[in-house]
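# Understanding the architecture of this molecule
Spelled out, the chains give:
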Amino acid sequence: MNGFPKTLKTKEDFYNCLSMVSRGELEAADLLAKIESMERQRFICCPAVEVAAEKKAVTVMYCDEAAVGMKFTAGNVSGSITAVVHKQSEEAAAAGQEGNDLTALTLSKAVAAGTDTISLEISKMVAGMTPDDFNALKGVLKQYE
């Protein structure tokens, strides 16, 4: 294989690329970027509309996938969702729109007041890799920085 592969679909593909890095055929930074990109596919990023004063409640744009027990990250805070309520904003109701346009999330941990995005974990595995696999690959790549 010459150069960076166009697609990486399996765990084996990533480990083959790691071998290429060790032989000097690929840049470690390029593989790291690809790993981080793939890892982000485990999450849905929801824009935060409002963070409640107690910071354990966040309202996001409507997210049908949100569910109780789902894991979240917001900045350096991770936890789980303890309650989900889909609702319609006052603006949408006043405009005569039908349906929900907001989702209120109650969280197990408080997030920062300025939180603008909350990431909801939709899958533990991507490309046959767990979070531990991603961390292991990134750990090995650190020696090539």
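## Observations regarding the packing of helix 2 (residues 28-40) against helix 4 (residues 131-141)
- Running from N to C, helix 2 and helix 4 cross one another at 165°; their axes reach a closest spacing of 10 Å. Judged by the inter-axis angle, helix 2 sits roughly antiparallel to helix 4. Relative to helix 4, the crossing made by helix 2 is left-handed. Together, A28, L31, L32, I35, E36, M38 and E39 of helix 2 and F134, N135, L137, K138 and L141 of helix 4 make up the contact between the two elements.
- Residues belonging to the contact of helix 2 with helix 4 are distributed by class as follows: 8 nonpolar, 1 polar and 3 charged.

## Thoughts on the pairing of strand 3 (residues 71-74)
- Here strand 3 shows a clear split, with F72 and A74 buried on one side and none of K71 and T73 buried on the other.
- Alignment of strand 3 against strand 4 (residues 77-87), held across 4 bridges, turns out to be antiparallel. Paired with K71 across the two strands is S80, which belongs to strand 4.
- With antiparallel pairing between neighbouring strands as the criterion, strand 3 and strand 4 make up a hairpin whose turn holds 2 residues, including G75 at a positive phi of roughly 65°.

Calculation rules
- Residues numbered from 1 in each chain as written.
- Predicted model: local features only at pLDDT ≥ 70, side-chain atom pairs only at ≥ 80, totals over all residues.
- Heavy atoms only, no water.
- Axes fitted to C-alpha atoms, helices over the stretch in contact; angles between N-to-C directions.
- Helix = DSSP H or I, 4+ residues; strand = E, 2+ residues; numbered from the N terminus.
- Parallel < 35°, antiparallel > 145°, perpendicular 65-115°, else oblique.
- Left-handed = near helix turned anticlockwise from the far one by under 90°.
- Contact = heavy atoms within 4.5 Å.
- Nonpolar A, V, L, I, M, F, W, Y, C, P; charged D, E, K, R; others polar.
- Buried < 20%, exposed > 50% of the residue type's maximum accessible area, 1.4 Å probe, protein only.
- Pairing = 2+ DSSP bridges.

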